Amino acid sequence: MTGMTGRKAELAENLARVEERIAAACVSAGREREEVTLIVVTKTYPASDVRLLHELGVRDVAENKDQDAAPKAAACADLDLRWHFVGQLQTNKVRSVTSYADVVQSVDRPKLVTALSAAAEKAGRELGCLLQVALDAESGARGDRGGVAPDGIEELAAAVDAAPGLRLDGLMTVAPLAGPYAGRRRAAFDHLMDLSTALRATRPAANMVSAGMSADLEEAVAAGATHVRIGTAVLGVRPRLG
Ligand SMILES: *Cc1c(COP(=O)(O)O)cnc(C)c1O
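Attention here is on the structure that accompanies the text. (Residues numbered from 1 in each chain as written. Predicted model: local features only at pLDDT ≥ 70, side-chain atom pairs only at ≥ 80, totals over all residues. Heavy atoms only, no water.)

### Structural notes on the site of the ligand
Thinking step 1. In the vicinity of the ligand, the residues found are Val-41, Lys-43, Val-86, Val-174, Met-213, Ser-214, Arg-229, Ile-230, Gly-231, Thr-232 and Arg-238.
Thinking step 2. At 2.5 Å from an oxygen atom of the ligand is found a side-chain nitrogen or oxygen belonging to Thr-232.
Thinking step 3. When the residues that make up the shell around the ligand are grouped by side-chain class, the tally is 5 nonpolar, 3 polar and 3 charged. (Near = heavy atom within 4 Å. Polar contact = N/O pair within 3.5 Å; in protein donor to acceptor, adjacent residues only side chain to side chain. Nonpolar A, V, L, I, M, F, W, Y, C, P; charged D, E, K, R; others polar.)

Quick look at the structure:
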């Protein structure tokens, strides 16, 4: 690693450790390493880190707040990166997010689908959409941190199907901290996989399953996740909640 700056060497070391964890989890689950894509969650960290991560081979990054993400994406516009938006999304931010995001992983209500579709059409872009599922939400409700209740998936999927400019790519979840799945991450991810299987029965192309963060990527890979979203384990502990 000679010639690397301190920060680049640190990121390289962290990435190598995460890569080892993903590879080991794939071996344990009898899956090919290629079945799992690492998305690095760069929220609260500067564009210079995104640039270093790109130099280290990262091609998928995620952000959760438009006000931070928009300038970062602009500063990195010369890089071949896929930007994933993973935060709760207000409709008044949709136009901005659509200008840089390739995939919005937090689609959780019909009103947001309508707004994303209009923005994507206007921008002449096709936007990938993951439906965020709140596994602990009551029927018809949304989760505290966003997400549609499992029984709302079909209606939302139909809305995306019918929306010009949008492409239904699959499902995303954050393991619930409370409720029946608290402390049962594997069970939560298994439930998400069942919901994905049901979705793919009628929409085989919607095969992305985004689950697993720094603390629980092994459980997510074991359950069948195709995408893991890793922040802390690559970039370090965030100074503030983000
Ligand atoms: C911050 C965040 C992550 C990454 O979490 P870490 O614990 O830092 O790995 C993943 N998904 C979402 C939706 C996030 O907001």
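From this point on, the discussion continues.
### Some details on helix H3 (residues 66–75)
Every α-helix carries 3.6 residues per turn, so stepping three or four residues along brings you back to the same face.
Thinking step 1. Restricting attention to buried positions, one finds in H3 the residues Asp-66, Ala-69, Lys-72 and Ala-73. Across the axial projection of H3, the buried residues extend over an arc of 135°, all falling on one side. In H3, the exposed residues that point more than 90 degrees away from the buried face are Gln-67 and Ala-74.
Thinking step 2. Looking at the buried residues of H3, the elements they touch are helix H2 (47–55), strand S2 (60–63), strand S3 (82–85) and helix H4 (94–100). (Buried < 20%, exposed > 50% of the residue type's maximum accessible area, 1.4 Å probe, protein only. Helix = DSSP H or I, 4+ residues; strand = E, 2+ residues; numbered from the N terminus. Arc of directions from axis to C-beta. Contact = heavy atoms within 4.5 Å.)

### Comments concerning helix H6 (residues 153–161)
Thinking step 1. Three or more residues of H6 are buried, namely Ile-153, Leu-156, Ala-157 and Val-160. Buried residues along H6 cover an arc of 100° about the axis, so they all sit on one side.

### Digging into the pairing of strand S5 (residues 127–133)
Thinking step 1. Judged by how many residues are buried, S5 sits mostly within the fold: 7 of 7 residues are covered.
Thinking step 2. Both faces of S5 are covered, namely the face carrying Leu-127, Cys-129, Leu-131 and Val-133 and the face carrying Gly-128, Leu-130 and Gln-132.
Thinking step 3. Where strand S4 (residues 103–107) and S5 come together, 3 bridges link them in parallel fashion. Bridging across to S5, Val-107 finds its partner in Leu-131.
Thinking step 4. The parallel pair S4 and S5, bridged by helix H5 (residues 110–123), forms a crossover whose chirality is right-handed.
Thinking step 5. Inspection of the sheet shows S5 paired to strand S6 (residues 166–173) by 7 bridges, in the parallel sense. Each residue of the ladder has a partner; that of Cys-129, found in S6, is Leu-168.
Thinking step 6. Crossover connection from S5 via H6 to parallel S6: handedness right-handed. (Pairing = 2+ DSSP bridges. Right-handed = clockwise from strand over helix to strand, strands pointing away.)

### Quick word on the environment of Ser-196
Thinking step 1. Residue position: Ser-196 is located in helix H7 (residues 185–202).
Thinking step 2. Judged by its relative accessible area of 1%, Ser-196 falls in the buried class.
Thinking step 3. Sequence separation between Ser-196 and Ile-153 is 43 residues; the distance between their C-alpha atoms is 9.9 Å.
Thinking step 4. Residues in contact with Ser-196, not counting those within four places in the same chain, are Leu-171 and Val-209.

### Some details on the nonpolar core
Thinking step 1. Val-104, Leu-116, Leu-131, Leu-166 and Val-234 are the most contacted members of the largest nonpolar core, which totals 70 residues.
Thinking step 2. Not counting residues within four places of it along the chain, the set of residues in contact with Val-234 comprises Leu-11, Asn-14, Leu-15, Val-18, Val-40 and Leu-53. (Core = buried A, V, L, I, M, F, W, Y, C linked by side-chain atoms within 4.5 Å.)

### Concerning the pairing of strand S1 (residues 37–41)
Thinking step 1. Of all 5 residues in S1, 4 are buried; the element is thus mostly enclosed.
Thinking step 2. Relative to S2, S1 runs parallel, the two sharing 2 bridges. Across the sheet, Val-40 pairs through a bridge with Val-61, a residue of S2.
Thinking step 3. Each parallel crossover has a hand, and the one from S1 via H2 to S2 is right-handed.

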